[in-house]
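# Observations on chain architecture
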Amino acid sequence: MSIVPKITRLTKLPELLKHKQEAEERSKKDREQSKKQKREQPSFNMEDEASINSSKMLELKVDKPTSKPQNEKKAEAKGKGGRVDLQV
């Protein structure tokens, strides 16, 4: 290989490195902007107004089932497990 092509390659080298650095800086700025936009963007859309129709709320109410008083439940439970041997 002659000296002339080697010299021209060496003179182009700083210019190529400069282009490479500029491309890296642009990509870094683009990544930072996309991260910033992602942080600023809300994760979900929230509506400003909320309306509740009271007639529909009355339709959704359910009667509470009647439950046994606590003392009756304890009386039933007394007979259960009375003869269990827990010795190890």
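Since the model is a prediction, treat every value here as computed from it, not as a measurement.

## Considering the overall build of the chain
The helix and strand tally for the chain stands at three helices and zero strands. For the chain, the succession of helices and strands along the chain, N to C, is α-α-α. By residue count, 0% of the 88 residues in the chain fall in the buried class. For the chain, the exposed area adds up to about 9900 Å²; of that, 54% sits on carbon and sulfur atoms.

## Looking at a positive patch on the surface
Taken together, K28, R31, K35, K36 and R39 make up a surface patch of like positive charges. The residue R31 is located in helix α1 (residues 3-40) in this model. Relative accessible area serves as the criterion here: at 49%, R31 is assigned to the partly exposed category.

## Points about the confidence of the model for the chain
Of the residues in the chain, 62% reach a pLDDT of 70 or more, and the chain-wide mean stands at 76. Averaged pLDDT values over the elements of the chain bottom out at 61 in helix α3 (residues 70-78) and peak at 88 in α1.

## Examining a nonpolar patch on the surface
Taken together, L10, L13 and L17 make up a surface patch of nonpolar side chains, about 300 Å² in accessible area. By secondary structure assignment, the location of L17 is in helix α1.

What counts as what
Residues numbered from 1 in each chain as written. Predicted model: local features only at pLDDT ≥ 70, side-chain atom pairs only at ≥ 80, totals over all residues. Heavy atoms only, no water. Helix = DSSP H or I, 4+ residues; strand = E, 2+ residues; numbered from the N terminus. Buried < 20%, exposed > 50% of the residue type's maximum accessible area, 1.4 Å probe, protein only. Areas by Shrake-Rupley, 256 points an atom, 1.4 Å probe, with all protein chains shown as cover. Patch = residues over 30% accessible without salt bridge, like charges linked within 9 Å, V, L, I, M, F, W, Y side chains within 5 Å. Salt bridge = Lys/Arg side-chain N within 4 Å of Asp/Glu carboxyl O. Lys, Arg positive; Asp, Glu negative; His and termini not counted. Charge placed at Lys NZ, Arg CZ, Asp CG, Glu CD. pLDDT = per-residue confidence, 0-100.

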